[in-house]
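# Commentary on secondary and tertiary structure
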Amino acid sequence: MTATRTDSREIHPGSNGLAALSRFRQAFYGCLSARSDELFELTEAVLCTDGPVKTLVDLALAPEHGALYDGLNHGRIEFARLRKVLAALPLPRAADGRIVLAADVSPWLRPDAATCPDRTFCHTYGRGKNEHRMIPGWPYSIIAALETGRTSWTAMLDAIRLEPGADVAALTARQLREVVTGLIEAGQHQVGDPDILIVIDVGYDVPRLAFLLAELPVEILGRMRSDRVMRRPAPSRTEFLRTSPGGGRPPKHGTEFVFGNAATWGNSQAHTVTDTTRYGTAHAQAFDRLHPLLTRRAAWADFPDELPIIEGTVIRLQVDHLPSGGDPKPVWLWWSKTDATEADTDRLWQAFLRRFDLEHTFRLLKQTLGWTKPKLRDPHAADTWTWLILAAHTQLRLARGLVEDLRRPWEKPALPERLTPARVRRGFRNLRTKTPLLARAPKPAGPGPGRPPGSKNKPVPRYDVGRILATGVAYKRPAHHRKGTKPRRTT
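Let me sum up the structure you'll find in this document. Only a predicted model underlies this, so the values are computations on that prediction, with no experimental measurement involved.

What counts and how
- Residue numbers run consecutively from 1 along every chain, following the written order of its sequence.
- Owing to the predicted nature of the model, reporting of local features is limited to residues with pLDDT of at least 70; listing and counting of side-chain atom pairs is limited to 80 or more, with chain, interface and lining totals taken over all residues.
- As a convention, hydrogens and water are excluded, and side-chain values are obtained from all of the structure's heavy atoms.
- In DSSP terms, a helix is any run of H or I states spanning at least four residues, a strand is any run of E spanning at least two, and both are numbered starting from the N terminus.
- Throughout, exposure labels follow a simple rule: accessible area from a 1.4 Å probe, protein chains only, divided by the maximum for the residue type, with under 20% read as buried, over 50% as exposed, and the rest as partly exposed.
- Here a pair means two rings of Phe, Tyr or Trp (six-membered ring of Trp) with centres within 6.5 Å. Their orientation is stacked below 30 degrees between planes, edge-to-face above 60, and tilted elsewhere.
- Take the number of residues in a helix, subtract one, and multiply by 1.5 Å to get its expected span.
- Between two residues, a contact is recorded if the distance between any of their heavy atoms is within 4.5 Å.
- A 3.5 Å cut-off defines polar contacts: any pair of N or O atoms within that distance qualifies, except that in protein one atom must be a possible hydrogen donor and the other a possible acceptor, and neighbouring residues in sequence count only when both atoms are side-chain atoms.
- Salt bridges are counted wherever a side-chain nitrogen of Lys or Arg sits within 4 Å of a carboxyl oxygen of Asp or Glu.
- Between the N-to-C directions of two axes lies an angle of 0 to 180 degrees, each axis being a line fitted to C-alpha atoms and, for a helix, fitted only over the stretch in contact.
- Angles below 35 degrees are treated as roughly parallel, those above 145 as roughly antiparallel, those between 65 and 115 as roughly perpendicular, and all remaining angles as oblique.
- Each residue is assigned to one of three groups, with Ala, Val, Leu, Ile, Met, Phe, Trp, Tyr, Cys and Pro labelled nonpolar, Asp, Glu, Lys and Arg labelled charged, and all others, Gly among them, labelled polar.
- DSSP calls a pair of strands paired once it identifies at least 2 bridges connecting them.

### Some remarks on the environment of proline 235
- In this fold, proline 235 is placed in the loop between β9 (229-231) and α8 (237-243).
- Taking the relative accessible area as the measure of exposure, proline 235 reaches 31% and is therefore partly exposed.
- The sequence separation of proline 235 and threonine 255 amounts to 20 residues, and the corresponding C-alpha distance is 8.9 Å.

Shown next as structure tokens:
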């Protein structure tokens, strides 16, 4: 399935009508290599069942359901082929025709599933008394294309599960490289087009991502912690001799730029003031050609060459107030390009605010489509279910503007193109009947043979939560700490 450059630029994700939805459903069905009918009908049940998906068994009540656990445990999806299908679909773009991608990690928490392999500690916030907690589960790195303006819609492009001990920056860079390469191959980006903007939040090593993706036509924009310290460029030889008449070895780095110390900032290269409806007056300052001071530790410990100097632009955003009434602390952003203008400064901080649209997508996947509801044991089955949810969300995006608004009495009327994904899902069952039927009718079968007489229960292996020590070695609990064992007494 391919899309022309004109289609991807000028057609709204839902304005190409029922034909685009039918083509995607046929392409999606072709990506199901094993248990295709069961997996396709399971996706149909997710889209057509009434209300949010709370348990996987509840989908058996939907007329569109297929074999549930059998399809997930034994079904197969050609992920690479499905990625190409998603990359060829019309994508939302910024006002200047630029593609804006957002990458983030969302956990599938499994704290009590000791029989599930490949679990790792996932960072969560807001549990308990708004505490940061590390809870065992399966973290997934998800990439989506963002729209402009306030919306809860995104275009899902990729999702991979992070295994224990994975280098998040290196794995995210490889994932982004594959997504960007797929967009280029699909004709979504051509020579002369604006660079693709990738927006990320705190938790990523933004300069390292920019270094790993330097050969691609991309720009990296990410938020940094407010306690960071950056360095200015090294002084020229003339400036060095002026301050050090006795000579000596010229420094490799300039003076410090401390985020928390305004005395070290100096003059900004660009300063904009914007009136907003939700945050009051927004002040944005851009400081050019700043880089982190790298040391041979952590990810740079085994770097074979001289440590690079990764220059970029630091943007400080300060607003008057927050919609929640909280303290409006400044937001620090780092952009992988230099020489930012006032137009670039406004474009970047407004694009960063659109990154939070991905949080609405995560909430929809978990609370409405039931992404993290099934109690699956096999992580590969979890990958299959994750991609079914991504395919379901894509069908909702393509059905945008094609379904009637089945609103609740307390909800305000909305135009078809302004419906949220959850409200589009209410009318998807009526739209589904207008598309070709792809899954074959199930064959009648009798009851299974059941459990063989005299068979005994087989113990299920249990797995520790994977984590990596500072030495790079996988951590394993001592034998006397495991459940059901006692420490060995020594004499």
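After presenting the structure, the write-up continues.
### What about the packing of aromatic side chains?
- Enumeration over the complete set of coordinates arrives at 18 aromatic pairs.
- With 5.9 Å between their ring centres and 35° between their planes, phenylalanine 28 and phenylalanine 40 make a pair best called tilted. Here phenylalanine 28 is found in helix α2 (residues 17-30), whereas its partner phenylalanine 40 is found in helix α3 (residues 36-48), with 12 residues between them in sequence. Grouping residues by exposure puts phenylalanine 28 and phenylalanine 40 together as buried.

### Regarding helix α10 (residues 357-368)
- Taking 1.5 Å as the rise per residue, α10 with 12 residues should run 16 Å; its terminal C-alpha atoms sit 16 Å apart, in good agreement.
- Within the sequence span of α10, burial applies to Asp357, Leu358, Thr361, Phe362, Leu364, Leu365 and Thr368.
- On the buried face of α10, the contacting elements are β3 (100-109), β5 (131-146), β6 (154-161), α9 (342-354), α11 (379-398) and α12 (421-426).
- Positive phi appears at glycine 370, one or two residues downstream of α10, with a value of about 70°.

### Focus on the environment of leucine 183
- If you trace the backbone, leucine 183 turns up in helix α6 (residues 168-185).
- Here the alpha-carbon distance between leucine 183 and lysine 84, two residues 99 residues apart in the chain, equals 8.2 Å.
- With sequence-adjacent residues up to four places away left out, leucine 183 is seen in contact with Ala87, Leu91, Ile99, Leu101, Gln188, His189 and Ile196.

### Observations concerning unusual backbone geometry
- Located in the positive-phi region is alanine 298, a residue other than glycine, with phi close to 55°.
- Residue placement: alanine 298 occurs in the loop between β12 (281-290) and β13 (312-319).

### Things to note about the environment of arginine 232
- Along the chain, arginine 232 falls in the loop between β9 and α8.
- The sequence separation of arginine 232 and leucine 293 amounts to 61 residues, and the corresponding C-alpha distance is 9.7 Å.
- Leave out the neighbours within four places in its chain, and arginine 232 touches His253, Gly254, Thr255, Glu256, Phe257, Thr264, Trp265, Gly266, Arg289, Leu290 and His291.
- Reaching out from arginine 232, the side chain makes a polar contact with the backbone oxygen of glutamate 256 at a distance of 3.0 Å.
- Within the structure, the side chain of arginine 232 is placed 2.6 Å from the backbone oxygen of tryptophan 265, a separation counted as a polar contact.

### Some thoughts on the pattern of salt bridges
- Counted according to the given criterion, the structure contains 28 salt bridges.
- Across the salt bridge formed by glutamate 311 and arginine 289, the nearest N and O atoms sit 2.9 Å from each other. Of the two residues, glutamate 311 sits in the loop between β12 and β13 while arginine 289 sits in strand β12, which places them 22 residues apart along the sequence.
- Given the relative accessible area of 21%, glutamate 311 is considered partly exposed.
- With a relative accessible area of 36%, arginine 289 lands in the partly exposed category.
- Three or more residues joined by partner-sharing salt bridges are found here, namely Asp96, Arg98, Glu219, Asp344 and Arg347.

### Here we look at the packing of α2 against α3
- Viewed as axis vectors pointing N to C, α2 and α3 meet at an angle of 140°, and their least axial separation amounts to 10 Å. Viewed along their axes, α2 and α3 adopt a mutual orientation that is oblique. On α3, the residues that touch Arg25, Phe28 and Tyr29 of α2 are Ser36, Asp37, Phe40, Thr43 and Glu44.
- A class-by-class count of the residues in the contact of α2 with α3 yields 3 nonpolar, 2 polar and 3 charged.

### Here we look at the side chain of threonine 172
- Here threonine 172 lies in helix α6.
- On the accessibility criterion, threonine 172 (1% relative accessible area) is buried.
- From its side chain, threonine 172 meets the backbone oxygen of valine 168 in a polar contact 2.6 Å long.

### Quick word on the pairing of β3
- Counting buried positions along β3 yields 8 of 10 residues, so the element is predominantly enclosed.
- In this structure, β3 lies alongside strand β7 (residues 196-200), joined through 3 bridges in parallel fashion. Among the inter-strand pairings, alanine 102 is bridged to a residue of β7, identified as valine 199.
- Both β3 and β5 contribute to a ladder of 9 bridges, which runs antiparallel. Pairing of leucine 101 across the sheet is with alanine 145, part of β5.

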